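Now for the letters of each chain:
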Amino acid sequence: MTPTIALVDDDRNILTSVSIALQSEGFTVRVYSDGESALKALLDNPPDLAVLDIKMPRMDGMELLRRLREKSSIPTIFLTSKDDELDEALGLAMGADDYITKPFSQRLLIARIRAILRRTEVRATPEDQADATPVEKIVRGRLEMDPARHRVQWGGKDVTLTVTEFLILEALAQRPGFVKSRDQLMDTAYQDDVYVDDRTIDSHIKRLRRKFRQVDPEFRAIETLYGVGYRFGEE
């Protein structure tokens, strides 16, 4: 089935050029020129992935993502201005899967879209495949992860994670007590030679901690080893 990509940007030149590039790669594309007009459409008929500009009239990308995340976990990529580091960090903290800085290469955008869609597809539950090899759950103390259903619980309470967050947590939880460097976590969460910097991984870790602390204020399982990386603490 052809993946559907939603583009939300008030720059018609970007909408036109990116739409053409994505369509040439076999994607179905829907375009919206502001967040307000996009919100209802994205909730009523969710795409496989959304690309959101941050600065837009009527409703900016941040507010659009905030409202989407109340009801949907659509994979999302933010488009940010070159100097908007705060926007990038806030976007990741609010639930975006990735961000790309303007001006951007269409080739890079397509590579990141494919990487996120591939991770999403891997996590899809093979309910129609009776002979599919079952994926074992990961249980580490109060943590329970079900990769086949993309479900995470802490102390019996659900924690909603994006695909990127899930992959990072899974990499840490598979070997409690062992340190994963930022480079190793990048390789886990971002394949296909898609470049991200250290700050992106740090932002995902901060967001993971925040989500778990919403269900358990005493959550301390993801540990930082400064200058080395991160690990899932042994209980």
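Located above this text is the structure these notes cover.
What comes next is a walk through the structure. Just so you know, these numbers come straight off a predicted model, no measurement behind them. (Residues numbered from 1 in each chain as written. Predicted model: local features only at pLDDT ≥ 70, side-chain atom pairs only at ≥ 80, totals over all residues. Heavy atoms only, no water.)

Bringing the sheet that holds strand S2 (residues 28-32) into the picture now. Read from one edge of the open sheet, 5 strands run S2-S1-S3-S4-S5, paired in parallel fashion. Each having just a single partner strand, S2 and strand S5 (98-101) make up the two edges of the open sheet. Strand-to-strand twist of the sheet, defined as the mean angle between neighbouring strand axes without regard to direction, takes the value 20 degrees. Where strand S1 (residues 4-8) lies against S2, 5 bridges are found, and the strand directions are parallel. The partner of Ile-5 across the bridge, within S2, is Val-29. Helix H1 (residues 12-24) rests against S1 and S2 of the sheet, and its axis sits at about 170 degrees to S2. (Pairing = 2+ DSSP bridges. Helix = DSSP H or I, 4+ residues; strand = E, 2+ residues; numbered from the N terminus. Axes fitted to C-alpha atoms, helices over the stretch in contact; angles between N-to-C directions. Contact = heavy atoms within 4.5 Å.)

Checked against the element boundaries, Ser-17 lands in helix H1. Sequence-wise, Ser-17 and Gln-106 are 89 residues apart; in three dimensions their C-alpha atoms are separated by 8.7 Å. Here Ile-14 takes part through its backbone oxygen, which lies 3.4 Å from a polar atom of the side chain of Ser-17. (Polar contact = N/O pair within 3.5 Å; in protein donor to acceptor, adjacent residues only side chain to side chain.)

Turning our attention to the sheet that holds strand S9 (residues 157-158). Pairing between the strands of a sheet is mediated by backbone hydrogen bonds and can be parallel or antiparallel. One open sheet accounts for 4 strands, arranged S6-S7-S8-S9; its pairing is antiparallel. Both outer strands of the open sheet, strand S6 (138-140) and S9, are each paired with one neighbouring strand and no more. Looking at chain direction, S6 and strand S7 (residues 143-146) are connected through 3 bridges and run antiparallel. Along S7, the bridge assignment pairs Ile-138 with Met-145. Against the sheet, helix H6 (residues 163-173) engages S6, S7 and strand S8 (151-154), with an angle of about 120 degrees to S7.

Between Lys-102 and Pro-103 the backbone carries a cis peptide bond, its omega angle lying at -10 degrees. As for its placement among the helices and strands, Pro-103 is situated in the loop between S5 and helix H5 (106-122). Even without being glycine, Arg-58 reaches a positive phi, approximately 70 degrees. Structurally, the position occupied by Arg-58 is in the loop between strand S3 (49-53) and helix H3 (61-71). For Arg-58, a relative accessible area of 59% gives the class exposed. (Buried < 20%, exposed > 50% of the residue type's maximum accessible area, 1.4 Å probe, protein only.)

Turning our eyes to something else, we now look at the environment of Lys-157. Along the polypeptide, Lys-157 turns up in strand S9. We classify Lys-157 as partly exposed; its relative accessible area is 47%. For the pair Lys-157 and Glu-144, spaced 13 residues apart in sequence, the C-alpha to C-alpha distance is 9.7 Å. Apart from the residues lying within four places of it in its own chain, the contact partners of Lys-157 are Val-152 and Val-215.

Our next topic: the packing of aromatic side chains. Throughout the structure, instances matching the rule amount to 3 aromatic pairs. Considering the side-chain rings of Phe-212 and Phe-219, the 4.6 Å spacing of their centres and the 15 degrees angle between planes classify their relative orientation as stacked. As far as the burial class goes, Phe-212 and Phe-219 line up, both buried. Through pairs of rings, three or more aromatic residues link up here, namely Trp-154, Phe-212 and Phe-219. (Phe/Tyr/Trp six-rings, centres within 6.5 Å; stacked < 30°, edge-to-face > 60°.)

Moving on: helix H7 (residues 182-189). Of the positions making up H7, those classed as buried are Arg-182, Leu-185, Met-186 and Ala-189. Buried residues of H7, seen end-on, are gathered within an arc of 105 degrees and therefore sit on one face of the element. Away from its buried face by more than 90 degrees, H7 exposes Asp-183 and Asp-187. (Arc of directions from axis to C-beta.)

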